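Below are the chains, spelled out letter by letter.
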Amino acid sequence: MNSKWWKAAGTRALKTMAQTFIATIGTSVVIEQVNWAVVFSASILAGILSLATSITGLPELDEHDIVRFDDDRSDGAPYYEEEEDE
């Protein structure tokens, strides 16, 4: 997971947290009471789940930004394929 991945996943997680925050407040207003602990905990959980989901892939990134595993390496460590600037 390189810096491009972290930036894309972080942006996605923040958007998810904001959507959850607004939706939870909206739902709470209908009930006539906003439970701020629930609002914040649901928003944080949504962000964590978004990051976990992003591990499987991000459509914002192209195939050159994806982590690859090299079968020739004895330690099995991942390496990153990134386009070189020309």
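One can find the structure itself at the top, above this paragraph.
Residue indices begin from 1 for each chain and proceed along its sequence in written order. Local features are withheld for residues below a pLDDT of 70 in this predicted model, meaning they are given only at 70 or higher, and side-chain atom pairs are given and counted only at 80 or more; totals for whole chains, interfaces and linings count all residues. As a rule here, side-chain values cover all heavy atoms of the structure and leave hydrogens and water aside.

(A) Representation of the overall build of the protein chain within the structure. Only runs of H or I of at least four residues qualify as helices and only runs of E of at least two qualify as strands under DSSP, and these elements are numbered from the N terminus. For the protein chain, the count of helices and strands is 2 helices and 2 strands. Traced from its N-terminal end to its C-terminal end, the protein chain shows the element sequence α-α-β-β. Contact criterion: two residues are considered in contact whenever any of their non-hydrogen atoms come within 4.5 Å of each other. When contacts within the protein chain are restricted to residue pairs at least 6 apart in sequence, long-range pairs at least 24 apart make up 51% of them. The method behind every accessible area is Shrake-Rupley, applied with a 1.4 Å probe, and residues are considered shielded solely by the protein chains displayed. A total of about 6600 Å² of accessible surface is found on the protein chain, and carbon and sulfur atoms cover 59% of it.

(B) Quick look at a nonpolar patch on the surface. On the surface, W36, F40, I44, L45, I48 and L49 cluster together to form a nonpolar patch covering roughly 620 Å² of accessible area. Here I48 shows up in helix 2 (residues 36–54). Only protein chains enter the calculation, and the probe is 1.4 Å; a residue is then buried if its accessible area is under 20% of its type maximum, exposed if over 50%, and partly exposed in between. Classification of I48 as exposed rests on a relative accessible area of 52%. Each patch is built from salt-bridge-free residues with over 30% relative accessible area, joining like charges within 9 Å and nonpolar side chains (Val, Leu, Ile, Met, Phe, Trp, Tyr) within 5 Å. The rule for a salt bridge is simple: a side-chain nitrogen of Lys or Arg has to be within 4 Å of a carboxyl oxygen of Asp or Glu.

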